[in-house]
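Observations on the three-dimensional arrangement
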Amino acid sequence: MDSSLVNDMFGYSSVERPLWDEIQQELDDLRNVYWPTDGKELADIGMLVGETFLRCVGLIRHRINKELEGVEPLCLVTACFLFFLSLWVLKRLFTYNSFVPSNKRLSLLERFRRLPIIRSISASKMRPVLKDLERDLKKDYAPGSFKKVLPEEGHKAVNIVEEVQSYLDLSKADWKAGRVSGCIYSPNDIECEKLVLDVFHKTMKSNHLHADIFSGVRKMEAEIIRWVLNLYHGDADACGSISSGGTESIMLACKAYRDFAFATRGITEPEILVPHSAHAAFDKAADWLRLEIRKVPLDPKTLMVDTRKMRKMITRNTILLVGSAPGYPHGIIDPIEGIAALGCRYNIPVHVDCCLGGFIMPFLEDAGFGKFNFDFSVKGVTSISCDTHKYAMAPKGTSLVMYSSKKYLHHQFSAAGDWPGGVYITPTVAGSRSGAVVACCWATLRYYGRGGYVEACRDILTEARKIKDGIKEIKGLRVLGDPQATVIAFDSDIINIFEVNSRMGKLGWHLNPLQFPSGIHICLTKIHAENKVTETFLTDLRTIVEKMLQEPDKKVSSQAAVYGQAQTFSDRSIVKDLLLNYMDIIYSTEDYVD
Ligand SMILES: *Cc1c(COP(=O)(O)O)cnc(C)c1O
């Protein structure tokens, strides 16, 4: 290329003219053709802009070259290298401290709402809603009934038992009759209840923290873990812990993987990929452990997580892939094999959330409801959470988190070697924990045995299938996805589903409302099976839906309106504020005043 042309292109020949004059001139030219009427003028503008840009570059190049005239090239190269090296070192030094996951960042709207004036306006708007909420929550309490100070003298045991009964009588929900979705998983089995009481009595003073003193409960814990590992096809290297519940199990797994990823891959900005339908316990884990949580969309038809989308969302900071078997909202089993294959391909651990399905999934095949691959027999599955306080029918307070290898479990433990109180290690969140909870779980598992769980699974699934088929036959309702387990979710294209829920509530049914998409679900347990509620449930539902179809213009109840509207707030922090206030009301010992 002709060197004078290159010089001209980069504006060399014109740098003698003061630059600003030149740009001024160019801008004037631009202004003259500001309203182009044909393609030629547009092209002229393009040329002008391009030329101005090239001239600026030329000028800068000229200046820099002039400044650096006579500097040794080696010096230049070294300086550049050192400059970029120090940038990199600074980034390494500071990124861990400056990493703020998106769930910890305040949105622009939230910042705006924190301005005092906006805050007072929204507080005044919120007041009547909160008043309603408070009235609703405290309607069971008689005025002046809160005891606000510890009694000076101890009370007599008989009186206390009477008091306890009067407190329990405050609740009107008839859960023993099988009208509540999920919630209580142990059947009304007097013999088992007596057994658990007896075991509780014998073990209530034990504490796992002191494994040397309470060898018996320690042995029970190790045995429960091995039994459940066997159910999930764990091999000899598979291991686990007992936690206080599903949420803790999930948080422990996330903690283990966060620390594993840091130790082995140096990841300081960890991300977890969970299905949009995953349990809120993963949000809680992300919240507590400072993880970036990214929600993978579901297939709109099957409501299973879309593994193609999951693959696209994997980055080098991804420390965990999650699938549920089944998920809480719609009771749908995610494609665990597909997720595990991604885990193998990208060398990322995979957690299967079997909290709900813990004592259903391993028995589906024997109960005659099909074979699913979801456990450690699937290559790539590295951990599983399984609640014993759900379908294992043990009293509340136990769940398992299991790993395919000790290399993960070790990152779950917290060891304090230098504590003045002695060397100290705990496997889970708790320090002291009651051995009684574990002993009662151990007793319940032995009481039912494998056979008992297969039978329970068959009873519950039989009812679940009847309800799924029954809902499909009700005109106006639509079952969400094709649920294979114990949760059946449904919605309607014609009527307001939250109004259906509200009317079912008036008949004593406690179902669970869902959002994104709207719906309600019923989670069936042994209590529903033993009460044979299916027929009544379907009849009540059909009657309500038929009535609503005949009165399409009727206004929905306030409860239904609240559920429907809460979803439409684009500023989700308002919903969070409402929830905080809800918690304050739950803890309040003040009477409700109108
Ligand atoms: C219940 C549940 C959990 C959480 O368990 P908790 O025992 O309530 O803490 C997690 N995942 C799923 C799918 C669940 O249904």
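Quick caveat, the model's predicted, so the values are computed rather than measured.

Topic: the overall build of the chain
Scanning the chain for helices and strands turns up 21 helices and 13 strands. In terms of overall size, the chain is more extended than a compact globule, its C-alpha atoms giving a radius of gyration of 32 Å where 594 residues would be expected to give roughly 25 Å. Buried positions account for 41% of the 594 residues belonging to the chain. Here the contacts in the chain between residues at least 6 apart in sequence split such that 72% fall between residues at least 24 apart. Carbon and sulfur atoms form 59% of the exposed surface of the chain, whose accessible area is close to 33,800 Å². Measuring between centres, the 73 positive side-chain charges of the chain sit 3 Å from its 73 negative side-chain charges.

Considering the UniProt feature "modified residue: N6-(pyridoxal phosphate)lysine" (unreviewed entry) in the chain
Under the UniProt annotation, "modified residue: N6-(pyridoxal phosphate)lysine" (unreviewed entry) lies at Lys390. Topologically, lysine 390 is positioned in the loop between β6 (381–387) and β7 (399–403). Those residues within four positions of lysine 390 in sequence are excluded, and the remaining contacts are Tyr185, Cys355 and Leu356.

Here we look at the site of the ligand
Around the ligand, 13 residues are found, and the nearest of them are Gly246, Thr247, Asp353, His389 and Lys390. Aspartate 387 is positioned such that a nitrogen or oxygen atom in its side chain is 3.1 Å from an oxygen atom of the ligand. Relative to its unbound accessible surface of 380 Å², the ligand loses 86% to contact with the protein. Element by element, the count of residues in the shell around the ligand is highest for helix α10 (residues 246–265), at three residues. Of the residues assigned to the shell around the ligand, the class counts are five nonpolar, five polar and three charged.

Some words on the side chain of aspartate 353
Considering the arrangement of structural elements, one finds aspartate 353 in strand β5 (residues 350–354). In this structure the side chain of aspartate 353 is engaged in a polar contact, spanning 2.9 Å, whose partner is the backbone nitrogen of cysteine 355. With residues up to four places along the chain from it excluded, the contact list for aspartate 353 reads Ile250, His279, Phe282, Gly323, Ser324, Ala325, Pro326 and Ser385.

Focus: a nonpolar patch on the surface
On the surface, a cluster of nonpolar side chains totalling about 720 Å² of accessible area is made up of Phe81, Leu82, Leu85, Trp88, Val89, Leu90 and Leu93. In this fold, leucine 93 is placed in helix α4 (residues 73–98).

Thoughts on the sheet that holds strand β12 (residues 512–514)
The strand order across the open sheet formed by four strands is β10-β11-β13-β12, and the pairing between neighbours is antiparallel. Either end of the sheet is taken by a strand with one partner, and the two such strands are β10 (478–479) and β12. Two elements, strand β11 (residues 487–491) and strand β13 (residues 519–523), share four bridges in a ladder whose sense is antiparallel. In the strand pairing of β13, phenylalanine 490 is matched with isoleucine 520.

Digging into the environment of lysine 219
Turning to its location among the elements, lysine 219 is positioned in helix α9 (residues 215–231). In sequence terms lysine 219 and alanine 439 are 220 residues apart; their C-alpha atoms lie 9.8 Å from each other.

A few points about the nonpolar core
One finds Tyr232, Phe359, Ile471, Phe537 and Leu541 to be the most contacted residues of the largest nonpolar core, which totals 80 residues. A total of 16 residues in this core trace back to one element, the largest contributor, which is helix α16 (residues 435–473). Formed jointly, this core draws a minimum of three residues from each of two domains, domain 2 (127–149 + 164–184 + 450–587) and domain 3 (233–434). Not counting residues up to four positions away in its chain, the partners in contact with tyrosine 232 are Cys354, Gly357, Gly358, Pro362, Phe374, Asp375, Phe376, Ser377, Ile384, Cys386 and Met402.

So, the packing of aromatic side chains
A full pass over the atoms with the stated rule returns 15 aromatic pairs. Seen in terms of ring centroids, phenylalanine 260 and tyrosine 408 are 4.9 Å apart; in terms of plane orientation they differ by 65°. Their pairing is edge-to-face. Of this pair, phenylalanine 260 sits in helix α10 while tyrosine 408 sits in helix α15 (residues 406–409); the two residues are 148 residues apart in sequence, bridging distant segments of the chain. Each member of the pair, phenylalanine 260 as well as tyrosine 408, is classed as buried. In this structure an aromatic cluster arises from ring pairing among Phe359, Phe363, Tyr447, Tyr448 and Tyr453. Positioned above the aromatic ring of tryptophan 509, the side-chain terminus of arginine 179 is 4.3 Å from the ring centre.

Some remarks on the packing of α16 against helix α19 (residues 534–550)
Between α16 and α19, whose axes approach to 10 Å, the crossing angle comes to 20°. By the angle between their directions, the pair α16 and α19 is classed as roughly parallel. Where α16 crosses over α19, the handedness of that crossing is right-handed. Counted together, Glu463, Lys466, Ile467, Gly470 and Ile471 of α16 and Thr534, Phe537, Leu538 and Leu541 of α19 form the full contact between these two elements. Per-class residue counts for the contact of α16 with α19 are five nonpolar, two polar and two charged.

Quick notes on the pairing of strand β1 (residues 239–243)
Note on strand geometry: in a regular strand, side chains alternate between the two faces of the sheet. In terms of burial, β1 is largely enclosed, as five of its five residues are buried. Across the two faces of β1 the burial is the same, with Cys239, Ser241 and Ser243 and Gly240 and Ile242 all buried.

A closer look at the state of the cysteines
What is meant by a disulfide is a covalent connection between two cysteines, made through their sulfur atoms. Considering all chains together, one arrives at zero disulfides under this definition. Sulfur of cysteine 386: no disulfide; nearest cysteine sulfur belongs to cysteine 354 and is 6.9 Å away. By relative accessible area, which is 0% here, cysteine 386 ends up buried. This cysteine, cysteine 440, is not joined by any disulfide, and cysteine 441 carries the nearest cysteine sulfur, 8.8 Å off. Overall, cysteine 440 belongs to the buried group, its relative accessible area being 2%.

Examining the confidence of the model for the chain
Averaged over all residues, the pLDDT of the chain is 90; the fraction at 70 or higher stands at 94%. Low pLDDT, under 50, characterises residues 1–15; the stretch is placed with 20 contacts to residues that sit more than four places away or in other chains.

Observations regarding helix α11 (residues 281–289)
By the burial criterion, the buried members of α11 are Ala281, Phe282, Ala285, Ala286 and Leu289. The buried side chains of α11 occupy one side of the element, clustering within an arc of 145° when seen end-on. If you follow the buried residues of α11, they end up packed against α10, β2 (271–275), β3 (292–296), β4 (318–324) and β5. Arginine 290 occupies a position one or two residues after α11 and carries a positive phi of about 55°.

Rules of the game
Residues numbered from 1 in each chain as written. Predicted model: local features only at pLDDT ≥ 70, side-chain atom pairs only at ≥ 80, totals over all residues. Heavy atoms only, no water. Helix = DSSP H or I, 4+ residues; strand = E, 2+ residues; numbered from the N terminus. Rg over C-alpha atoms; globule rule 2.2 N^0.38 Å. Buried < 20%, exposed > 50% of the residue type's maximum accessible area, 1.4 Å probe, protein only. Contact = heavy atoms within 4.5 Å. Areas by Shrake-Rupley, 256 points an atom, 1.4 Å probe, with all protein chains shown as cover. Lys, Arg positive; Asp, Glu negative; His and termini not counted. Charge placed at Lys NZ, Arg CZ, Asp CG, Glu CD. UniProt positions renumbered as here; feature names shortened; annotations may be inferred. Near = heavy atom within 4 Å. Polar contact = N/O pair within 3.5 Å; in protein donor to acceptor, adjacent residues only side chain to side chain. Nonpolar A, V, L, I, M, F, W, Y, C, P; charged D, E, K, R; others polar. Patch = residues over 30% accessible without salt bridge, like charges linked within 9 Å, V, L, I, M, F, W, Y side chains within 5 Å. Salt bridge = Lys/Arg side-chain N within 4 Å of Asp/Glu carboxyl O. Pairing = 2+ DSSP bridges. Core = buried A, V, L, I, M, F, W, Y, C linked by side-chain atoms within 4.5 Å. Domains from an automatic or database assignment. Phe/Tyr/Trp six-rings, centres within 6.5 Å; stacked < 30°, edge-to-face > 60°. Lys NZ or Arg CZ within 6 Å of the ring centre and 35° of its normal. Axes fitted to C-alpha atoms, helices over the stretch in contact; angles between N-to-C directions. Parallel < 35°, antiparallel > 145°, perpendicular 65-115°, else oblique. Left-handed = near helix turned anticlockwise from the far one by under 90°. Disulfide = S-S within 2.5 Å. pLDDT = per-residue confidence, 0-100. Arc of directions from axis to C-beta.

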